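Single-letter residue listing:
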Amino acid sequence: MNSYYGYINNYNNTIIITISSRRIIYNLLPEPYCKKCSFPKATDECRWHHSDTMDRTYAIGLYYPKRREAEDTLSDHIRRLKSSKFYARPLGYAMSILIKERYQELLEIDYITPIPKHRDEYKPVGKTRGIYNQAEELADIISKEINKPKNNLLNKNKPWSQRNKGWEERQNIPDDIYSITKSKIKLEGKSIQDIQGKSILLIDDVRTSGATGSKCASLLKEAGANKVYLFVAGRDAGDQETLT
Ligand SMILES: [Zn+2]
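Anyway, here's the lowdown on the structure attached to this text.

Calculation notes
- Residues numbered from 1 in each chain as written.
- Predicted model: local features only at pLDDT ≥ 70, side-chain atom pairs only at ≥ 80, totals over all residues.
- Pairing = 2+ DSSP bridges.
- Helix = DSSP H or I, 4+ residues; strand = E, 2+ residues; numbered from the N terminus.
- Axes fitted to C-alpha atoms, helices over the stretch in contact; angles between N-to-C directions.
- Parallel < 35°, antiparallel > 145°, perpendicular 65-115°, else oblique.
- Left-handed = near helix turned anticlockwise from the far one by under 90°.
- Contact = placed C-beta atoms within 7 Å.
- Nonpolar A, V, L, I, M, F, W, Y, C, P; charged D, E, K, R; others polar.
- Core = buried A, V, L, I, M, F, W, Y, C linked by C-beta atoms within 7 Å.
- Buried ≥ 20, exposed ≤ 12 C-beta atoms within 10 Å, placed from the backbone.
- Expected span 1.5 Å × (residues − 1).

1. Digging into the sheet that holds strand β1 (residues 4–9)
Here is step 1 of the chain: As summarised here, the arrangement of the 3 strands in space is β1-β2-β3, forming an open sheet in which the pairing is antiparallel. Both outer strands of the open sheet, β1 and β3 (22–27), are each paired with one neighbouring strand and no more. Taken pair by pair, the neighbouring strands of this sheet meet at an average axis angle of 15°, ignoring direction.
Here is step 2 of the chain: In the sheet, strand β2 (residues 14–19) pairs with β3 via 6 bridges, with the strands oriented antiparallel. Pairing of Thr-14 across the sheet is with Asn-27, part of β3.

What follows is the structure, given as structure tokens:
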């Protein structure tokens, strides 16, 4: 099951995924983009990653929340992933192919860690009420495809949404929202199993300001992680047309 075929088309900067004879085309990040935070049109002077604590943010492409399938399949699938697990497959396959063919430095990581959700934030699945975390669904697929273990190092202690918050407000995620998963902490916090000296790849569906990834990366680095990267399906750059 889950057989697919996929490749990067460097000529038009797309990735093509075929699942059960259905062909899906995603637009990749258009050059130039910031090699630290994936913000479009940005080069060395990018001012959109000033508070980033992860070493780099990777993305399949840009995410425009209002674009529908006919004009932008990637944005459409990221939006649909919020209510249908199926879309984790093409998105997760695309992320895996990019790691294997374009971002091979990520093959050196030790663990894949999904950005956690709080139980109260889980979405209903289909007609029956189920629960899932989009980031976890993507992480499961990537873990299998690139053969690296998934390790849920982080916990979300209460609901918290960055939606409908301004840029400044987004930077101030309270300290008690995320924590290192308790079972990972040994010896009363003096030694943190699985994190010391490790390189960790965080997975999420979308990055906007980067505050969530930074909060999680800071926790992991304080616990001794060597490198922390973030890979998202879509880089939401806001209304970049109006940004200078
Ligand atoms: Zn940047």
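After presenting the structure, the write-up continues.
2. Section: the packing of helix α1 (residues 73–81) against helix α2 (residues 88–101)
Here is step 1 of the chain: Running from amino to carboxyl end, α1 crosses α2 at an angle of 125°, the nearest separation of the two axes being 9 Å. As summarised for this structure, α1 and α2 are arranged oblique, according to the angle between their axes. When the axes of α1 and α2 are compared, the crossing they make is left-handed. Taken together, the residues of α2 that come into contact with α1 (itself represented by His-77, Ile-78 and Leu-81) are Ala-88, Pro-90 and Leu-91.
Here is step 2 of the chain: Along the lines of polarity and charge, the residues of the contact of α1 with α2 split into 5 nonpolar, 1 polar and no charged.

3. Considering the sheet that holds strand β5 (residues 111–114)
Sheets are built from strands that pair by backbone hydrogen bonding, the pairs being arranged parallel or antiparallel.
Here is step 1 of the chain: A sheet is described by the order of its strands in space; here 4 strands give the open sequence β4-β11-β10-β5, paired in parallel fashion. Looking at which strands have only one partner, the edges of the open sheet turn out to be β4 (56–62) and β5. Looking at each pair of strands side by side, their axes are set apart by 25° on average, direction ignored.
Here is step 2 of the chain: Each of β4 and β11 (227–235) touches α2; the most contacted strand, β4, lies at about 125° to it.

4. Considering the environment of Ser-83
Here is step 1 of the chain: Counting through the fold element by element, Ser-83 comes out in the loop between α1 and α2.
Here is step 2 of the chain: The spatial distance from the C-alpha of Ser-83 to the C-alpha of Phe-39 is 26 Å, given a sequence separation of 44 residues.

5. Quick notes on unusual backbone geometry
In most cases, non-glycine residues show a negative phi, while peptide bonds are predominantly trans.
Here is step 1 of the chain: Cis rather than trans, the peptide bond between Glu-31 and Pro-32 has omega equal to -5°.
Here is step 2 of the chain: Positionally, Pro-32 belongs in the loop between β3 and β4.
Here is step 3 of the chain: Unlike most non-glycine residues, Ser-20 shows phi in positive territory, near 50°.
Here is step 4 of the chain: Its location among the elements puts Ser-20 in the loop between β2 and β3.

6. Points about the nonpolar core
Here is step 1 of the chain: Residues Ile-60 and Leu-202 are the most contacted members of the largest nonpolar core, which totals 63 residues.
Here is step 2 of the chain: Among the elements that line this core, the one with the most residues is α2, at 8 residues.
Here is step 3 of the chain: For Ile-60, the contacting residues outside a window of four places in its chain are Ile-15, Tyr-26, Leu-28, Leu-74, Leu-91, Ala-94, Met-95, Leu-98, Ala-233 and Gly-234.

7. With respect to the pairing of β11
Here is step 1 of the chain: Along β11, 9 of the 9 residues are buried, which leaves the element largely enclosed by surrounding structure.
Here is step 2 of the chain: Where β4 and β11 come together, 6 bridges link them in parallel fashion. Each residue of the ladder has a partner; that of Leu-62, found in β11, is Arg-235.
Here is step 3 of the chain: Relative to β11, strand β10 (residues 199–207) runs parallel, the two sharing 8 bridges.

8. Remarks on α2
Here is step 1 of the chain: The terminal C-alpha atoms of α2 lie 20 Å apart, and with 14 residues this matches the ideal 20 Å at 1.5 Å per residue to within 8%.
Here is step 2 of the chain: Ala-88, Arg-89, Pro-90, Leu-91, Gly-92, Tyr-93, Ala-94, Met-95, Ser-96, Ile-97, Leu-98 and Ile-99 are the residues of α2 that are buried.

9. Focus on the environment of Asp-52
Here is step 1 of the chain: Mapped onto the secondary structure, Asp-52 falls in the loop between β3 and β4.
Here is step 2 of the chain: By C-beta crowding, Asp-52 is classed as partly exposed, having 19 other C-beta atoms within 10 Å.
Here is step 3 of the chain: Remark: the alpha-carbon pair of Asp-52 and Ile-115, spanning 63 residues in sequence, is separated by 15 Å.
Here is step 4 of the chain: Beyond its immediate chain neighbours, meaning those up to four positions away, Asp-52 contacts Lys-36, Cys-37, Gly-210 and Ser-214.

10. Some points on the packing of α2 against helix α3 (residues 134–146)
Here is step 1 of the chain: Where α2 contacts α3, the axes come no closer than 8 Å and their chain directions differ by 45°. Looking at the two axes, α2 sits oblique to α3. When the axes of α2 and α3 are compared, the crossing they make is right-handed. The residues of α3 that touch α2, namely those facing Ala-88, Arg-89, Leu-91, Gly-92, Tyr-93, Met-95, Ser-96, Ile-99 and Lys-100, are Gln-134, Glu-137, Leu-138, Ile-141, Ile-142, Glu-145 and Ile-146.
Here is step 2 of the chain: Of the residues assigned to the contact of α2 with α3, the class counts are 9 nonpolar, 3 polar and 4 charged.

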